[in-house]
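Inside the fold
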Amino acid sequence: QQQVKQSPQSLIVQKGGISIINCAYENTAFDYFPWYQQFPGKGPALLIAIRPDVSEKKEGRFTISFNKSAKQFSLHIMDSQPGDSATYFCAASPKTGGFKTIFGAGTRLFVKA
Amino acid sequence: EAQVTQNPRYLITVTGKKLTVTCSQNMNHEYMSWYRQDPGLGLRQIYYSMNVEVTDKGDVPEGYKVSRKEKRNFPLILESPSPNQTSLYFCASSYIGFSDNEQFFGPGTRLTVL
C-alpha cells in the first residue's frame, strides 16, 4: 500500500518560533504534494502545495521544502502564532490513476502564547 | 458562496440499519471524494469519482457504496453499518487540472454506529 509517513504526531512551539513538520513518501509516481490545515470542528483546507519540479515554495509564513531524491517534504511555519494551532496533514497524489490521494496521519500543532 | 455541503452533520444509528450521507457541491467540480478521519490514522480515502458515472475505490472501500448520477451530488451509502464504521466522514470536491488539484472539503459528518 502506498504510504505517506508524517512526523511528529504532535508539536508544541513558542509564539514566534519555527514549526517544522516532516513527511516521507514511497511511490515515485506521486506528482502533487499539498498540505492541509484543519481547525477543530471544521473540514481540512488547503494551506500550500508543491509539485516535484521545484524544491521550495513559499507563501507568507509558510514554506514547503521538497527533496525529490530523498522522497521527503516538509512544512515550515515561520513566526508561529497561536492562531496557527491546528492539525496539519500532508498528502500526495499520483499523476496517473486518477485522484487516489494518500494523506499522512496528521500533526497536532499547539503554539504557546 | 462556493461550498461543499454534507447532511446530516451528526448521526447515531444501530448496527445493520442502512443509511445515506449526502454530499453536494456548487462549484461544478468534476472530482469528488469521500474520506474517513480516525485518530492516529489521518484521512483515508473511501471512494472517489472523476466524473458522472465514474467511480473508483480508495484505500478503505469495504462496507461502503457510492453513486455519481449527477455532477453535483456524491452520496455515501452504508448498506449495513457496523461499529467499526464509527468515524468522522468528509466529502471533498476538486477541479481537475494540471496546476490546480486543491480539494475543497465539507464540514464533516460524525457517525456513531451502536
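This report concerns the structure included in the present document. Quick caveat, the model's predicted, so the values are computed rather than measured.

**Thoughts on the overall build of chain B**
Helix and strand counts for chain B come out as 0 helices and 11 strands. Counting from the amino terminus, helix and strand elements in chain B follow one another as β-β-β-β-β-β-β-β-β-β-β. Against the 2.2 N^0.38 benchmark of 13 Å for 114 residues, chain B shows a C-alpha radius of gyration of 13 Å, consistent with a compact globule. Nonlocal contacts in chain B, meaning residues at least 24 apart in sequence, comprise 54% of its contacts between residues at least 6 apart. Of the roughly 5500 Å² of accessible surface on chain B, 52% is carried by carbon and sulfur atoms.

**Side note on the packing of aromatic side chains**
Across all of its chains, the model carries 18 aromatic pairs over all chains by this definition. Residues Tyr64(B) and Tyr89(B) carry aromatic rings whose centres are separated by 5.9 Å and whose planes lie at 65° to one another, so their mutual orientation is edge-to-face. With Tyr64(B) in the loop between β6 (54–57) and β7 (65–66) and Tyr89(B) in strand β9 (residues 87–94), this residue pair connects regions lying 25 residues apart in the sequence. Across this residue pair, the class does not change: Tyr64(B) and Tyr89(B) are buried. Each residue in the set Tyr25(A), Phe30(A), Phe33(A), Trp35(A), Phe66(A) and Phe73(A) is aromatic and connected to the rest through ring pairs, giving one cluster.

**Observations regarding the sheet that holds strand β8 (residues 76–78) of chain B**
All names here are of chain B. Judged by pairing direction, the sheet is antiparallel, and its 4 strands sit side by side in the order β1-β3-β8-β7 without closing on themselves. In the strand order of this sheet, the two ends are held by β1 (4–7) and β7, each with one partner. Bridging between strand β3 (residues 19–25) and β8 involves 3 bridges; their strand directions are antiparallel. Each residue of the ladder has a partner; that of Leu 19, found in β8, is Leu 78.

**A look at the interface of chain B and chain A**
Contact with chain B, which involves 26 residues of that partner, is made by 21 residues of chain A. Both faces combined, the contact of chain B with chain A buries some 1900 Å², and carbon together with sulfur accounts for 54% of it. Of all residues in chain B, the largest losses of buried area upon contact with chain A belong to Leu43(B), Asp59(B) and Asn101(B), amounting jointly to 28% of the total for that side. Run the count over chain B and chain A and you get 1 salt bridge. The residue Asp59(B) makes a salt bridge to Lys100(A) at a minimum N-O spacing of 3.7 Å.

**Focus on the sheet that holds strand β1 (residues 4–7) of chain A**
Residue and element names in this part refer to chain A. A sheet is described by the order of its strands in space; here 5 strands give the open sequence β1-β3-β8-β7-β6, paired in antiparallel fashion. Of all the strands in the sheet, the pair left with one neighbour each is β1 and β6 (56–59). For this sheet, the mean angle separating the axes of adjacent strands, direction not counted, is 15°. Note: β1 against strand β3 (residues 19–25), 4 bridges, orientation antiparallel.

**So, the nonpolar core**
Formed by 25 residues in total, the largest nonpolar core has its most connected members in Val4(A), Phe33(A), Trp35(A), Phe73(A), Leu75(A) and Tyr88(A). For this core, the elements supplying multiple residues, two or more each, are β2 (10–14), β3, β4 (30–38), β5 (45–50), β7 (62–67), β8 (72–77), β9 (86–94) and β11 (107–112) of chain A. If you tally residues by element for this core, the top one is β9(A), at 4 residues. The contacts of Tyr88(A), once residues within four sequence positions are left out, are Gln6(A), Ile21(A), Tyr36(A), Gln37(A), Leu47(A), Leu75(A), Ile77(A), Gly106(A), Thr107(A) and Leu109(A). Counting residues in hydrophobic clusters, the runner-up holds 19 residues, among them Val4(B), Met27(B), Tyr89(B) and Leu111(B).

**A short note on the environment of Tyr64(B)**
Residue and element names in this part refer to chain B. Given a relative accessible area of 5%, Tyr 64 falls into the buried group. A sequence separation of 50 residues divides Tyr 64 from Leu 114, and the C-alpha atoms of the two residues are 17 Å apart. Once residues within four sequence positions are removed from consideration, Tyr 64 is found in contact with Arg 36, Ile 46, Tyr 47, Leu 76, Ile 77, Leu 78, Gln 85 and Tyr 89. Looking at Tyr 64, its side chain comes within polar contact range of the side chain of Arg 36, at 2.9 Å. At 2.6 Å, the side chain of Tyr 64 forms a polar contact with the side chain of Tyr 89.

Criteria and thresholds
Residues numbered from 1 in each chain as written. Chains lettered and ligands numbered in written order. Predicted model: local features only at pLDDT ≥ 70, side-chain atom pairs only at ≥ 80, totals over all residues. Heavy atoms only, no water. Helix = DSSP H or I, 4+ residues; strand = E, 2+ residues; numbered from the N terminus. Rg over C-alpha atoms; globule rule 2.2 N^0.38 Å. Contact = heavy atoms within 4.5 Å. Areas by Shrake-Rupley, 256 points an atom, 1.4 Å probe, with all protein chains shown as cover. Phe/Tyr/Trp six-rings, centres within 6.5 Å; stacked < 30°, edge-to-face > 60°. Buried < 20%, exposed > 50% of the residue type's maximum accessible area, 1.4 Å probe, protein only. Pairing = 2+ DSSP bridges. Buried area = accessible area lost by both parts, 1.4 Å probe. Salt bridge = Lys/Arg side-chain N within 4 Å of Asp/Glu carboxyl O. Axes fitted to C-alpha atoms, helices over the stretch in contact; angles between N-to-C directions. Core = buried A, V, L, I, M, F, W, Y, C linked by side-chain atoms within 4.5 Å. Polar contact = N/O pair within 3.5 Å; in protein donor to acceptor, adjacent residues only side chain to side chain.

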